[in-house]
Amino acid sequence: MKPSRNISGLIEIMAALRHPETGCPWDIKQDFSTIKPYTIEEAYEVADAIERNDPEDLCDELGDLLLQVVFHARMAEEKDLFSFEDVVEAITRKMIRRHPHVFERSEADTPDRVKAQWAKIKEEEKRERRERRAARGLAEVETPGQLTEVPRALPALMEALKLQQAASQVGFDWGAAGPVLDKIEEEIGELRAEIASGRSDKASDELGDVIFAVANLARHLKADPEDALRSTNTKFRTRFALVEAGLAKSGKTPEDATLEEMEALWQAAKSSV
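Since the structure is predicted, the reported quantities are computational estimates derived from the model, not experimental observations.

**Q** Could you clarify how one ought to interpret the packing of helix α9 (residues 177-197) against helix α10 (residues 200-220) in this entry?
**A** Working note: a packed helix pair is described by the angle between its axes plus the distance between those axes. Where α9 contacts α10, the two axes come as close as 9 Å, and the packing angle between them is 165°. Considering their axes alone, α9 and α10 lie roughly antiparallel with respect to each other. Between α9 and α10 the crossing geometry is left-handed. Facing α9, whose interface residues are Ala177, Val180, Leu181, Ile184, Glu187, Ile188, Glu190, Leu191, Glu194 and Ile195, α10 presents Lys202, Ala203, Glu206, Leu207, Asp209, Val210, Ala213, Val214, Asn216, Leu217 and His220.

**Q** In this structure, what is going on with the nonpolar core? I would like to understand it.
**A** Nonpolar side chains tend toward joint burial in soluble globular proteins. Grouped together as the largest cluster of nonpolar side chains are 7 residues: Met14, Ile35, Val70, Phe71, Ala73, Met75 and Phe84. The element contributing the most residues to this core is helix α4 (residues 55-78), with 4 residues. Residues Val243, Leu247, Ala257 and Met262 belong to the second largest nonpolar core, which totals 5 residues.

**Q** What is the right way to read the packing of aromatic side chains from this model?
**A** The description of an aromatic ring pair rests on the distance of the ring centres and on the angle between the ring planes. Under the criterion given, the structure shown has 3 aromatic pairs. Relative to tyrosine 38, the ring of tryptophan 26 lies with its centre 5.8 Å away and its plane at 80°, an arrangement referred to as edge-to-face. Taken as a pair, tryptophan 26 in helix α2 (residues 25-28) and tyrosine 38 in helix α3 (residues 32-51) lie far apart in primary sequence, 12 residues in all. For tryptophan 26, a relative accessible area of 37% gives the class partly exposed. Ring geometry for phenylalanine 236 and tryptophan 266: centres 5.3 Å apart, planes at 50°, overall tilted. On the criterion of sequence distance, the pair formed by phenylalanine 236 in helix α11 (residues 225-249) and tryptophan 266 in helix α12 (residues 259-272) is long-range, its members being 30 residues apart. Aromatic rings pair up to connect Phe236, Phe240 and Trp266 into one cluster.

The rules behind the values
Throughout, a residue's number is its position along its own chain's written sequence, starting from 1. Since the coordinates come from a predicted model, pLDDT governs what is reported: local features require at least 70, and pairs of side-chain atoms require 80 or more to be given and counted, while whole-chain, interface and lining totals use all residues. The basis for the side-chain values is all heavy atoms of the structure; hydrogens and waters are excluded. Helix axes are fitted to C-alpha atoms over the stretch in contact, other axes to C-alpha atoms as well, and angles between N-to-C directions run from 0 to 180 degrees. Runs of E in the DSSP output that reach at least two residues are strands. Runs of H or I that reach at least four are helices, and both are numbered from the N terminus. Orientation is classified from the angle alone, with under 35 degrees giving roughly parallel, over 145 giving roughly antiparallel, 65 to 115 giving roughly perpendicular, and any other angle giving oblique. With the far helix as reference, a near helix turned anticlockwise by less than a right angle produces a left-handed crossing, and one turned clockwise produces a right-handed crossing. In this description, contact between two residues means that some pair of their heavy atoms is separated by no more than 4.5 Å. The nonpolar core is taken to be a set of buried Ala, Val, Leu, Ile, Met, Phe, Trp, Tyr and Cys residues, with the residues joined through side-chain atoms within 4.5 Å. Think of it in three bands: with a 1.4 Å probe and only protein chains considered, a residue is buried below 20% of the maximum accessible area for its type, exposed above 50%, and partly exposed in between. In this analysis, rings of Phe, Tyr and Trp, with Trp reduced to its six-membered ring, are considered paired at centre separations within 6.5 Å, and the interplanar angle assigns stacked below 30 degrees, edge-to-face beyond 60, and tilted for intermediate values.

Okay, structure coming up:
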């Protein structure tokens, strides 16, 4: 087996890894559920490479993500569910159908018209999917409505943002950022009350409300809450490293230092980063 620029080479490698007699013991025992976390992780690593503007890493991470697709397709093929070729056919059919302004005749000649056309085609696809499910005797996943367009499988913060965007399309929205700030303060007050009451389950619910409201504020500020939080995470990493470096100069580690010592170094780090 040699490296290949052809997708068939990767498909062959995965088939070899999953071979029940000569394959890799770890790969053989995996299933959709056990591989799912790796699929999510690889998607985030692609995003990280993009944010770092590292094309070499991006190429590598896209390969890792592609491997996840091939892995899932191979496991499905073993169960006679579908193959990698079926996956490719499904997405090519979908792209051709959703772009009649490119592959057929269409009056969608502006970005807004293309967006409206895309939404209409998606609704047709959803109706057809419901009909196929009904023909197989499968129940509806959820009651049809404005929010059904938002996948439940999204990361929670992204799901919150998309739920709010969907609701805003029918007028269920604050008009500006100011009222959202007021709502955040209201939710924080409710969180304080539940913390004081000692009811951890209720406090967790209220914490979720606070995060949901903060995501809504990000939307009104035209900021991606995921990007904003990731930027803060990077800043925290840098500042904490400076705290550790400052302690090291005096022969200490964070475990040896007091909170007051670390706080002083943290404030110094904040002034420089």
